[in-house]
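The primary structure of each chain is shown beneath.
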Amino acid sequence: MEFGGHTACVEIRCGERLFIVDAGTGISALGNALGENVPDIVDILFSHLHLDHVGGLPFFKPALTKERLVRTYCGNLDGDSAMDSLDKLFSPPLFPVRLSQFPARFEHVGFKAGETLTFDDGAVVTTHSLNHPGGATGYRFTHGNRSVCYISDVEHSEAWPDKGLTEFVRDTDLMIYDGMFSEAEYPRCRGWGHSTWEKGVELAQGAGVKSLAIFHIYPGHDDAFIRALETEMQRVMPTAFVARERQSVILDASGSETVADCPKPAKVPAI
Ligand SMILES: [Zn+2]
Ligand SMILES: [Zn+2]
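Because the structure is predicted, anything quoted here is derived from the model rather than measured. (Residues numbered from 1 in each chain as written. Chains lettered and ligands numbered in written order. Predicted model: local features only at pLDDT ≥ 70, side-chain atom pairs only at ≥ 80, totals over all residues.)

Before going further, it helps to spend a moment on the pairing of strand 10 (residues 174-178). Counting buried positions over the five residues of strand 10 gives five, a clear majority of the element. Along strand 10, one buried face is formed by Leu174, Ile176 and Asp178 and the opposite face, lined by Met175 and Tyr177, is buried too. With four bridges joining them, strand 9 (residues 146-151) and strand 10 adopt parallel strand pairing. Each bridged residue has a counterpart across the sheet, and for Tyr150 the counterpart in strand 10 is Ile176. Between strand 9 and its parallel partner strand 10, the chain crosses via helix 5 (residues 163-169), and the hand of that crossover is right-handed. Across five bridges, the pairing between strand 10 and strand 11 (residues 211-215) is parallel. By the bridge assignment for strand 11, Met175 is matched with Leu212. Handedness of the crossover is the feature at issue here: the chain leaves strand 10, passes through helix 6 (residues 197-207), returns alongside strand 11, and the resulting connection is right-handed. (Buried ≥ 20, exposed ≤ 12 C-beta atoms within 10 Å, placed from the backbone. Helix = DSSP H or I, 4+ residues; strand = E, 2+ residues; numbered from the N terminus. Pairing = 2+ DSSP bridges. Right-handed = clockwise from strand over helix to strand, strands pointing away.)

Under the present numbering, the feature "domain: Metallo-beta-lactamase" (unreviewed entry) in UniProt falls on residues 6-180. Helix makes up 18% of residues 6-180 and strand makes up 32%, while its end C-alpha atoms are separated by 14 Å. (UniProt positions renumbered as here; feature names shortened; annotations may be inferred.)

Given below as structure tokens:
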């Protein structure tokens, strides 16, 4: 009720410029929130194509309502785009309609994680390969003197923090990090492709990251558990927090101020 149950989808604004990272079930709420305020070209950057990161795509209203261009970017298939995988997933008998039947036109771009993405309007996003079954891509968005890194899904390595990843997220204002488990839980989940909030803090502190949003939380944990975890984490890193659904974080372009706005937790109906 407080932290949310949707799967991964993050809206990134560089000024007015919109990027969407991942198309989990949260993209449906994002589509509704955007309303008419949607650019003619929508760029969706996939970390990878596991179901929890693509399953919301057909429920993204801007693709259902107008002839616009939706471009997807995928960096973990050795240069191949998401096209074949999405066509396979969104077609009968798994899904009633194909993306090609939508009013929007889909264009799928493949790249190799580590390459820099340059968009038509001159926007530049850097990328980094992440340790996850089948691979995943981390992103770094820079606007003016501020930056945000999206590092999910990822499993930490034995030697930690990883040198390459440390350089990639160095000095960023906000790192969104896969903290699915705690160190106490991790031994049972080794090899699943996810990390812990403790490793997120270690990476953040090793790389001079200013604030940390723990993301991709384990769906079996309840609000009380996550709130307690957050309190424990903030003892080690006061600027770390667990990302809430619909939360927005504003990085003031002129200064160094970071304002995190938390939505009020939904009321739990009395039973
Ligand atoms: Zn995954
Ligand atoms: Zn995932």
